[in-house]
Amino acid sequence: MMEEEEFEFAEDLEAILHLTPEVQLAIEQVFPSQDPLDRADFNAVEYINTLFPTEQSLANIDDVVNKIRLKIRRLDDNIRTVVRGQTNVGQDGRQVKEITRDIKQLDHAKRHLTTSITTLNHLHMLAGGVDSLEAMTRKRQYGEVANLLQGVVNVLEHFHKYMGIPQIRQLSERVKAAQSELGTQILADFEEAFPSQGSKRPGGPSNVLRDACLVANVLDPRIKQEIIKKFIRQHLSEYLVLFQENQDVAWLDKIDRRYAWIKRQLVDYEEKYGRMFPEEWCMTERIAVEFCHITRVELAKVMRTRAKEIEVKLLLFAIQRTTNFEGLLAKRFTGCTLTDQKRPESPLDPTNPFLEDEAGEDVGTEKDEDLPRKPKAPDNPFHGIVSKCFEPHLYVYIESQDKNLGELIDRFVADFRAQGPPKAGTEEGGAVLPSCADLFVYYKRCMVQCSQLSTGEPMIALTTIFQKFLREYAWKILSGNLPKSSSNSGGLTISSLLKEKEGSEAAKFTVDELCLICSILSTAEYCLATTQQLEEKLKEKVDKVLVERINLTGEMDTFSTVISNSIQLLVQDLDAACDPALTAMSKMPWQSVEHVGDQSPYVTSIIMHIKQNVPIIRDNLASTRKYFTQFCIKFTNSFIPKFINHLFRCKPISMVGAEQLLLDTHSLKTVLLDLPSIGSQVLRKAPASYTKIVVKGMTRAEMILKVVMAPHEPPVVFVDNYIKLLADGNPETFQKILDMKGLKRSEQSSMLELFRQRLPTPPSGADGGPSLSFSAPTPEQESSRIRKLEKLIKKRL
C-alpha cells in the first residue's frame, strides 16, 4: 500500500512539474535566470558532465556537493518562510472583509445622504417656485411664468413617489391650481383682446399675449387649442358676414372674391400678428385651412339651394378657380396641420402610348377657359379641401360630356358623308380615319379633367359615357360605312372565259371600296388597342375600390367584330370574284379534252382577280400586317374547299382532261403559295401557318385528280389506291370520284360494296364515322409525285 501511495505521489508531482510552454515562458519572463537548474528541459546527466568533464575534475567533487547542499538548505529556508507566512492569511482576510463591510456601509450612507440633500434642494426649489408662480400669475408676468412653470413641472416629476406625504401633495395641488388659473386667465385675456362678438380688433400685437402663448405651450393642450379656435373664429367672422348665402358675392360666378379676401387677410395677419403666436403653431396655415373648411360648407349649401342654376361652364369655372387656389396653398404651406389628411399614393408612370406624361402637358388651349388646370392631386395635400363640395354636382359635367360626345359623333358621320370615303392611291387610302384620333383626344381631355375633379363615382359615370360612344363610333362610323355586298356575281359565261374577254370580269367592290374596307379595318384595330390603353389609364386614375367596375371588354369585342367583318368582306369579295371562273370550270367538257396545254382560261381569270385585289389589300393593310395574314388564311380556307367541290362537279373526265385539271390545280397551288407577296417588289416568305393550309388543301385536290386518272380495273387495286391516297372513308366522296370517272351505276354499286369491305377496321372504342385512322401521304411525298406527273405531261406535249 505504501508503494502504491508513493507511486501515485510521484505521478502527481511529475504532472505538477510539467508545465505548459506558455506558463514556462511566462515564468522565464517574470523570473529570468541563467541557472541550468531553472531550465524546463533540465537534464541531470548533461549537467553532471558539465560539472565534471574529465576524470581530473572529479577531485573537486566534495566542493561541488557541499555547494549543492548549501543551495538546497537555502531553498528549504525560503520555502519554510513562505509557508509560515501563509498561516496568517486567513486572519488577515477576515480583517479585510470587515473593513470592506464598513466601507460599503459608508457608501450607502453617502448615497442616501446625497439623495436626501438633492431631494431637499428640489423641495426647496418647488416650494419657492410655487410661491413665485402664484405671485407672477396674479401680476400677469407671463414671460417669467413661461420659464418658471416649465421648471416647476419638471421638478414636480421627481416627487411622484412621495405623493403620500401631505406637504408634497399640497404643493402638487397648488401647482395644478396655478395651471388652471393661468389657463382661465389667459383665455380671458384673449377673449378681451379678440372678442367673439363684434369685429373691432386691436391696433397691433400684444407682448402680454405673446408671452401668454408661451405659457399655453406648457399648460394643458386644450388651452392652446381654445386660443387658436377663438382667434381664428374672430379673424374669419367678417368672412361669414360678407359671403352669406343671401349675398350676391356668394354665388359661383364671383368665387374669385372669396379667395382674394383670404389672401388679403393672410397678409394682414402676417403684418399684425405674425410674431404674437409661436412659429410652431403654424397659425397662418391654420387660418387658411379653417377658411377652406368654411368655404366648402358654404359653397355646398348655396349650390344645394340654387342647383337648377348650375351650368357646366359656370361649374368648371368655379372648379378651376378653386383648384388653382388649392395649388397656391400647396406652394405656400406644408399641410402639417391637416392631421386627418392622408396623402394619396403616387400612381404608376403611364406605360401606354395613348397618353403622354401628364406632368408636362396642357389639358387644353389658352382659349379653353372651362378646363381647370391645377397641380396633380398626389403632389397637393390640400387637394379637395374645398373642391370636394363640387363632386355632388358633377352630374352636370357628365351630362354635358354625354351631349358633347353625341354631337361629336354626329359631326363625324356628317363629315364622312360630305368628304366621302378615302380614295385609293392617296395618303388617306387604307389609313386610320382622322375622326378616330379626334375621338380619343377628346376622351383624353375628358378623362384628365374628370380625374382632377373627382376620382370616385363621377369617373365611373364618365366611363359609362365612354363605353356608349365607343359602341356608337363602331356602329355608325365603322360598321355603318362598310360597303354592302351585292348579288351581281354572275356575269361570266363559258364562252367569255374561253375567249378571255377580261372586260366583263369586274370584281364586286371597286378599288375605292376595297380601300375603304381596309381603312375601317385599320381604324378598328387602332380603336381596339387604344381602348385597351384607355381602360388601363382609367383604372390608374380611379379610386382603388372602384377599379373592378371599369371594364371595356365589351367595347373591345365590338371593335374585334368590326375587324372580323371587314376581313370577311374582303374574303367574300375575292371569293365571289372567283366563283364565275369555278362555275365555268365545272361546266367545261372535260371528257372531250384531247390534249394537255397551258393553264385553262378559268385559272387565268382566278389569277387575274387575285393579282388585282390582293396587292391593293396588302398595300392598304401595310400597317396591320397580321390582319393581312388573317385575310390570306381565311381566303384560302374558303377558296380551296370551294375549288374541290367544283372539281367534283367536273364529270365525266377523261384521262387527258384529268391531266389538264391536275396542271391547272398545280398552277393554282403555286399562286396560292405566293399569295401574300404576289405583285410585290419585296418578296417575303409566307407564314408557315399559311403555307401549311395551302399545301394540305391543294394536295387533297391533286390526290382526287390522281385517283380519277388511275384505271378502275382491277377494282380492288383501284379501291386500295383510293383509300391510300385520300384517306377518306366517306362513301359519298367515293361516289363522287366514281361519277367523275363516268362509271355506270351498275359498276358503281359493285365498287361501293367493295369500298365498304376494304375499309380498315376502326380502332376499339371509335365512333365508326367516315374518317379513317390511317395516315395520309405527306405533302412532300405528294409533291414529288406531282413533279413526276408534270414531267409526264411535258413529254406528251
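Residues numbered from 1 in each chain as written. Predicted model: local features only at pLDDT ≥ 70, side-chain atom pairs only at ≥ 80, totals over all residues. Heavy atoms only, no water.

An unreviewed UniProt entry lists the protein under the name Vacuolar protein sorting-associated protein 53 homolog, from Seriola dumerili.

Engineer: Mind laying out the overall build of the protein, listing which residues take part and the relevant values?
Structural biologist: When you go through the protein residue by residue, the secondary structure sums to 27 helices and zero strands. A burial count over the protein gives 42% of its 797 residues as buried. A sequence separation of at least 24 residues applies to 81% of the contacts in the protein between residues at least 6 apart. As presented, the protein carries roughly 44900 Å² of accessible surface, and 53% of it is formed by carbon and sulfur atoms. (Helix = DSSP H or I, 4+ residues; strand = E, 2+ residues; numbered from the N terminus. Buried < 20%, exposed > 50% of the residue type's maximum accessible area, 1.4 Å probe, protein only. Contact = heavy atoms within 4.5 Å. Areas by Shrake-Rupley, 256 points an atom, 1.4 Å probe, with all protein chains shown as cover.)

Engineer: Explain the environment of L470 to me, and be specific about the residues and the numbers.
Structural biologist: If you trace the backbone, L470 turns up in helix α16 (residues 457-478). Residue classification places L470 among the buried positions, given a relative accessible area of 0%. Put simply, L470 and T531 are 61 residues apart on the chain and 8.5 Å apart in space, counted from C-alpha to C-alpha.

Engineer: Any details on the packing of helix α14 (residues 395-419) against helix α15 (residues 434-453)? Residues and values, ideally.
Structural biologist: The geometry of α14 relative to α15 is characterised by a closest axis approach of 11 Å and an angle of 175° between their N-to-C directions. It follows that α14 is roughly antiparallel to α15 by the angle criterion. Along the contact surface, α14 presents Y397, Q401, N404, L405, L408, I409 and F412, while α15 presents S435, D438, L439, Y442, Y443, C446, Q449, C450 and L453. (Axes fitted to C-alpha atoms, helices over the stretch in contact; angles between N-to-C directions. Parallel < 35°, antiparallel > 145°, perpendicular 65-115°, else oblique.)

Engineer: Quick one: what's the story with the pattern of salt bridges, residue by residue and with numbers?
Structural biologist: Per the stated rule, a full pass over the model turns up 17 salt bridges. Here E472 and K476 are joined by a salt bridge, their closest N and O atoms 3.3 Å apart. With E472 and K476 both in helix α16 and four residues apart, this pair spans about one turn of that helix. Residue classification places E472 among the buried positions, given a relative accessible area of 17%. (Salt bridge = Lys/Arg side-chain N within 4 Å of Asp/Glu carboxyl O.)

Engineer: Lay out the side chain of Q401 with the relevant residues and their values.
Structural biologist: Considering the arrangement of structural elements, one finds Q401 in helix α14. Side chain to side chain, Q401 and Y442 meet in a polar contact 2.7 Å long. Excluding residues that lie within four positions of it along the chain, Q401 makes contacts with Y442, C446 and L462. (Polar contact = N/O pair within 3.5 Å; in protein donor to acceptor, adjacent residues only side chain to side chain.)

Engineer: I'd like a rundown of the environment of F317, residues and numbers included.
Structural biologist: Summarising the element assignment, F317 is placed in helix α13 (residues 312-332). Separated by 63 residues in sequence, F317 and K254 place their C-alpha atoms 10.0 Å apart.

Engineer: For the packing of helix α18 (residues 511-541) against helix α20 (residues 601-620), give the residues involved together with the corresponding values.
Structural biologist: Between α18 and α20, whose axes approach to 9 Å, the crossing angle comes to 35°. Remark: the crossing between α18 and α20 carries right-handed chirality. Between α18 and α20, the residues in contact are V511, L514, C515, C518 and S522 and N613, I616, I617 and N620, respectively. Residues that form the contact of α18 with α20 fall into these classes: six nonpolar, three polar and no charged. (Left-handed = near helix turned anticlockwise from the far one by under 90°. Nonpolar A, V, L, I, M, F, W, Y, C, P; charged D, E, K, R; others polar.)

Engineer: Give a description of α14 that names residues and reports values.
Structural biologist: For α14, with 25 residues, the first-to-last C-alpha span of 36 Å sits near the 36 Å given by 1.5 Å per residue. Along α14, the residues that are buried comprise V396, Y397, I398, S400, Q401, L405, G406, L408, I409, F412, V413 and F416. On the buried face of α14, the contacting elements are α13, α15, α16 and α18. Following α14 by one or two positions, G420 has its phi on the positive side, about 80°. (Expected span 1.5 Å × (residues − 1).)

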